[in-house]
Amino acid sequence: MNTRIPDTDFIGSWVWLFPVSFLLHITEEYLGDFPRWISRIWGVETSSANFLSWNGAALVLMTVSVLVVLKARSFRWLLVAFGTSVLINALAHLLGTIGTRSYSPGLVTGLVLFLPLGAITLRRAWVGINRRTFRVGLIVGVLMHAAVVLLAFGFARISD
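Residues numbered from 1 in each chain as written. Predicted model: local features only at pLDDT ≥ 70, side-chain atom pairs only at ≥ 80, totals over all residues. Heavy atoms only, no water.

## What about the overall build of the chain?
Turning to step 1, where the next piece is worked out: Helix and strand counts for the chain stand at 7 helices and 2 strands.
Turning to step 2, where the next piece is worked out: Each helix and strand of the chain, placed in order from N terminus to C terminus, yields the pattern α-α-α-β-α-α-α-α-β.
Turning to step 3, where the next piece is worked out: A burial count over the chain gives 40% of its 160 residues as buried.
Turning to step 4, where the next piece is worked out: Counted over contacts in the chain with a minimum sequence separation of 6, partners at least 24 positions apart contribute 82%.
Turning to step 5, where the next piece is worked out: Put simply, the chain shows about 9,000 Å² of open surface, and 70% of that area lies on carbon and sulfur atoms. (Helix = DSSP H or I, 4+ residues; strand = E, 2+ residues; numbered from the N terminus. Buried < 20%, exposed > 50% of the residue type's maximum accessible area, 1.4 Å probe, protein only. Contact = heavy atoms within 4.5 Å. Areas by Shrake-Rupley, 256 points an atom, 1.4 Å probe, with all protein chains shown as cover.)

Spelled out as structure tokens, the structure:
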């Protein structure tokens, strides 16, 4: 039995769930004062304005990427990258909450939106695109999340 989904079925209007869920996630993080939480936990200080600037830029980039994916199938790997990145983010919020025994702002949208969106995207990609494209997207997704963390630490003031 062939369980592969044709490439054309992998990409659809559902990809708009990435920027929509990201916007909801940023909102939860902002309302929960994620910059203050991360400062308390990691000693990294940043302003709410910086937080909104970085995440606003990421939202624009994600939205443009979705448009590109919908127009050019050769960029399918971006969906795998986004799926990987949101899945890592959800798990990071969960581990942060467990490890600190405190609410990590972004946990709810991470678990309710990012976790299933990332898992379903990766599952659909696994059966719907070739392995090379999948691996590229997976690697880019890990690097995207790592870059966000490193940039946040690099551009924020490290507390004493």
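After that view of the structure, there is still more to cover.
## Observations concerning the pattern of salt bridges
Turning to step 1, where the next piece is worked out: The tally for this structure, following the rule as stated, stands at 1 salt bridge.
Turning to step 2, where the next piece is worked out: Its salt-bridge partner being Asp33, residue Arg36 comes within 3.0 Å of it at the nearest N-O pair.
Turning to step 3, where the next piece is worked out: With relative accessibility at 59%, the residue Arg36 sits in the exposed group.
Turning to step 4, where the next piece is worked out: Residue classification places Asp33 among the partly exposed residues on the basis of a relative accessible area of 23%. (Salt bridge = Lys/Arg side-chain N within 4 Å of Asp/Glu carboxyl O.)

## Some points on the packing of helix α4 (residues 48–71) against helix α5 (residues 77–100)
Turning to step 1, where the next piece is worked out: Direction vectors running N to C along α4 and α5 enclose 145 degrees, while the axes themselves pass 9 Å from each other. Contacts from Met62, Ser65 and Val69 in α4 reach Leu78, Leu79 and Phe82 in α5.
Turning to step 2, where the next piece is worked out: Here the contact of α4 with α5 is composed, by residue class, of 5 nonpolar, 1 polar and no charged. (Axes fitted to C-alpha atoms, helices over the stretch in contact; angles between N-to-C directions. Nonpolar A, V, L, I, M, F, W, Y, C, P; charged D, E, K, R; others polar.)

## Details of helix α2 (residues 17–31)
Turning to step 1, where the next piece is worked out: Here α2 contains 15 residues, and its C-alpha end-to-end distance of 21 Å stays within 8% of the 21 Å for a straight helix at 1.5 Å per residue.
Turning to step 2, where the next piece is worked out: If you follow the buried residues of α2, they end up packed against α3 (34–42), α4, α5 and α6 (107–128).
Turning to step 3, where the next piece is worked out: Phi turns positive one or two residues past the end of α2, at Asp33, with a value near 60 degrees. (Expected span 1.5 Å × (residues − 1).)

## Re α3
Turning to step 1, where the next piece is worked out: Restricting attention to buried positions, one finds in α3 the residues Phe34, Pro35, Trp37 and Ile38. Along the long axis of α3, the arc covered by the buried residues comes to 160 degrees, so they all point the same way. Exposed positions of α3 whose direction lies more than 90 degrees from the buried face are Arg36 and Arg40.
Turning to step 2, where the next piece is worked out: Elements that come into contact with the buried residues of α3 comprise α2, β1 (44–45), α4 and α5.
Turning to step 3, where the next piece is worked out: Where α3 terminates, the next one or two residues include Gly43, which has phi positive at roughly 75 degrees. (Arc of directions from axis to C-beta.)

## Brief notes about the packing of α2 against α4
Turning to step 1, where the next piece is worked out: In the contact formed by α2 and α4, the axes pass within 9 Å of each other and the chain directions differ by 170 degrees. Here α4 runs roughly antiparallel to α2, going by the angle between their axes. The segment α2 lies against α4, with Phe18, Pro19, Phe22, Leu23, Ile26, Glu29 and Tyr30 engaging Ser48, Phe51, Leu52, Asn55, Ala58, Leu59, Met62, Thr63 and Val66.
Turning to step 2, where the next piece is worked out: In terms of residue class, the contact of α2 with α4 is made up of 12 nonpolar, 3 polar and 1 charged. (Parallel < 35°, antiparallel > 145°, perpendicular 65-115°, else oblique.)

## Points about the environment of Arg124
Turning to step 1, where the next piece is worked out: As for its placement among the helices and strands, Arg124 is situated in helix α6.
Turning to step 2, where the next piece is worked out: Expressed as a C-alpha distance, the spacing of Arg124 and Val80, which sit 44 residues apart in the sequence, is 9.3 Å.

## Examining a nonpolar patch on the surface
Turning to step 1, where the next piece is worked out: On the surface, Val60, Val64, Val68 and Phe75 cluster together into a nonpolar patch covering about 300 Å² of accessible area.
Turning to step 2, where the next piece is worked out: Here Val60 shows up in helix α4. (Patch = residues over 30% accessible without salt bridge, like charges linked within 9 Å, V, L, I, M, F, W, Y side chains within 5 Å.)

## Some words on the packing of aromatic side chains
Aromatic rings considered in pairs are described by the distance between their centres and by the relative angle of their planes.
Turning to step 1, where the next piece is worked out: For the structure on display, the rule yields 6 aromatic pairs.
Turning to step 2, where the next piece is worked out: Geometrically, the ring pair formed by Phe34 and Phe51 is tilted, given 6.2 Å between the ring centres and 40 degrees between the ring planes. A residue pair is termed long-range when its members are at least 10 positions apart, and Phe34 in helix α3 and Phe51 in helix α4 qualify at 17 residues.
Turning to step 3, where the next piece is worked out: Residue classification places Phe51 among the buried residues on the basis of a relative accessible area of 8%.
Turning to step 4, where the next piece is worked out: Plain terms: the ring middles of Trp126 and Phe134 are 5.2 Å apart, the flat faces sit at 75 degrees to each other, and that makes the pair edge-to-face.
Turning to step 5, where the next piece is worked out: Taking the relative accessible area as the measure of exposure, Trp126 reaches 38% and is therefore partly exposed.
Turning to step 6, where the next piece is worked out: For Phe134, a relative accessible area of 9% corresponds to the buried category.
Turning to step 7, where the next piece is worked out: Three or more aromatic residues joined by ring pairs form one cluster here, namely Trp14, Phe18 and Phe82.
Turning to step 8, where the next piece is worked out: Stacked on the ring of Trp126, the Lys or Arg Arg131 has its end atom at 3.7 Å from the ring centre. (Phe/Tyr/Trp six-rings, centres within 6.5 Å; stacked < 30°, edge-to-face > 60°. Lys NZ or Arg CZ within 6 Å of the ring centre and 35° of its normal.)

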